[in-house]
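Residue-level structural notes
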Amino acid sequence: MFDTSFKGRDFITILDYTQEEVIKILDFADELKAKFKAGIPHKYLEDQTLFMIFYNQSLRTRNSFEAGMTQLGGHAHFLDPSKIYTPALEGDEVAYSTERVSDVARVLDRMGHGLSIRIYGDPVGWQNGKANRIVREFARWTERIPVINMECDLYHPCQGMADIMTVREHFGGFKGVKFVMSWAYSPSAHKPLSVPHSAVIAAATVGCDVVLAHPEGLELNDDVLEATRKRAEESGGSFEVVNDMEAAFEGAHVVYPKAWTSKYNIPPIADAPDLDATQALFDANKHWICDAAKMKLAAPEVKYMHCLPCDRGYEVTDEVIDGPQSAAFDEAENRLHAQKAVMALTMDR
Ligand code: CP
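If you're wondering where the values come from, they're calculated on a predicted model, not measured in any experiment.

With respect to the helices and strands, V180 occurs in strand β7 (residues 178–183). We classify V180 as buried; its relative accessible area is 0%. Residues V180 and V254 lie 74 residues apart in sequence; the distance between their C-alpha atoms is 5.9 Å. Not counting the four nearest positions on each side in its chain, V180 is found in contact with V211, A248, F249, A252, V254, V255 and Y256.

Overall, the coordinates contain nine aromatic pairs when judged by the stated rule. Taking the centre distance of 6.2 Å and the plane angle of 70° together, the rings of F179 and Y256 count as edge-to-face. Here Y256 lies in strand β10 (residues 254–258) and F179 lies in strand β7, a separation of 77 residues in the sequence. Of note, R9 hangs over the ring of Y17, and the distance from its end group to the ring centre comes to 4.2 Å.

Here we come to the sheet that holds strand β5 (residues 114–118). Read from one edge of the open sheet, four strands run β2-β1-β5-β6, paired in parallel fashion. Bordering the open sheet on either side are β2 (75–79) and β6 (147–149), each of which pairs with just one other strand. Between one strand and the next, the sheet's axes are offset by a mean angle of 20°, whatever the strand orientation. Here strand β1 (residues 49–54) runs beside β2; their pairing, made up of five bridges, is parallel. For F51, the partnering residue across the bridge sits in β2 and is H77.

What counts and how
Residues numbered from 1 in each chain as written. Predicted model: local features only at pLDDT ≥ 70, side-chain atom pairs only at ≥ 80, totals over all residues. Heavy atoms only, no water. Helix = DSSP H or I, 4+ residues; strand = E, 2+ residues; numbered from the N terminus. Buried < 20%, exposed > 50% of the residue type's maximum accessible area, 1.4 Å probe, protein only. Contact = heavy atoms within 4.5 Å. Phe/Tyr/Trp six-rings, centres within 6.5 Å; stacked < 30°, edge-to-face > 60°. Lys NZ or Arg CZ within 6 Å of the ring centre and 35° of its normal. Pairing = 2+ DSSP bridges. Axes fitted to C-alpha atoms, helices over the stretch in contact; angles between N-to-C directions.

Right, here's the structure in full:
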C-alpha cells in the first residue's frame, strides 16, 4: 500500500520530518533504487510536472531531479531565473525584471505538481537565512503543490537524505556509526552552510554518533547546533563539537570533509559580507585536508564522503577520493533515488 501521509508536504528541512518519517523515505528510496537497477517501471508520477528554479549552478541536483522525474513518468522543467522574471521578495523588486515570489508561486501552483528551488550566496547577497526565507515564501503561496528545497543557504535536505542512505548501505544501519562532518580547506570562501547543517541534522536524526570538527570561527548556526543536539538525544545517538581534525578522525566510520563559510563575516552577524576576511581565516587552516595520513587514524572500514563538487588538492587528495575508501560517487548516485522517494511521496498522484 502506497503511503499517502506525505502528500502535499514541503521538503525544506529534515527537521520538519520525524525519525520514523525519515526512515520511511529511506526505505522507499531503497525500493526505488532496486527497481531502477532491475529495470522495473515505477511511474508513480505519470504525466506530472516538477518546476525547478535554479539561481545557482548545479550538476548533481539538476540531473538527479530531471532524470528522476522522467523515471517516475513525469517531466521536470528547468527554469533559469534570468530567463523568467526573476522571482523576488517584496521590497527587492525591479520593474519588468523581477516578479514577486507570491505571484510566481501562485502561477506555477496552478500548472504543475511540484516546485523546487535552489538559491544561496550571491543571488541573496550572502545574507545568512535570506535564501531560506525565499524558499519558505514560495511554500507559503503554493496551496496545492509541495515545495522541495534543492539547497538554500541553511539546508540541503536532499543531500542529507542521500548522505544517510549511503551510510546505511555501507554500514547496514546507524547505531554506533561515528559520523564526522569536518570543515576542510578551500581556496574559495563562497561556500554556504547548508551541506554541513543538513548532514549533522540527518545523521543525528537516525542515531549516528555525530562529531562536528572545524577551526574556531567556523561554527555552524546556533539553532542548527541546538536542533542537532536535540535530535541526537531523541535518537539515542550523540553529538560533539571539536576544533581538531585529527582528533575527530580517530576511529571514525564516516568522514565528510568540506569547506563552509564563516557566519561571522556575513549578515545578519556582520553588517555586510566580507568573504575576504573569511578567506584569510581559511588560508590560516590549509592543513585541514583529508589525506591518506588522516584516513589512517579512522576505523579500518572508514568511508570518505563528500556532496561534490570537491576541491581536489585542497579539501581532499586524489588518493583518498579516488581510492577504495571513497563513497563519494555512491553518495552522488543516491541523490537520484532519495529524491525520487521524496518526489513520489510528496507530489500529487
Ligand atoms: N551536491 C550538489 O548539490 O551538487 P550540485 O551543486 O552539482 O547540484
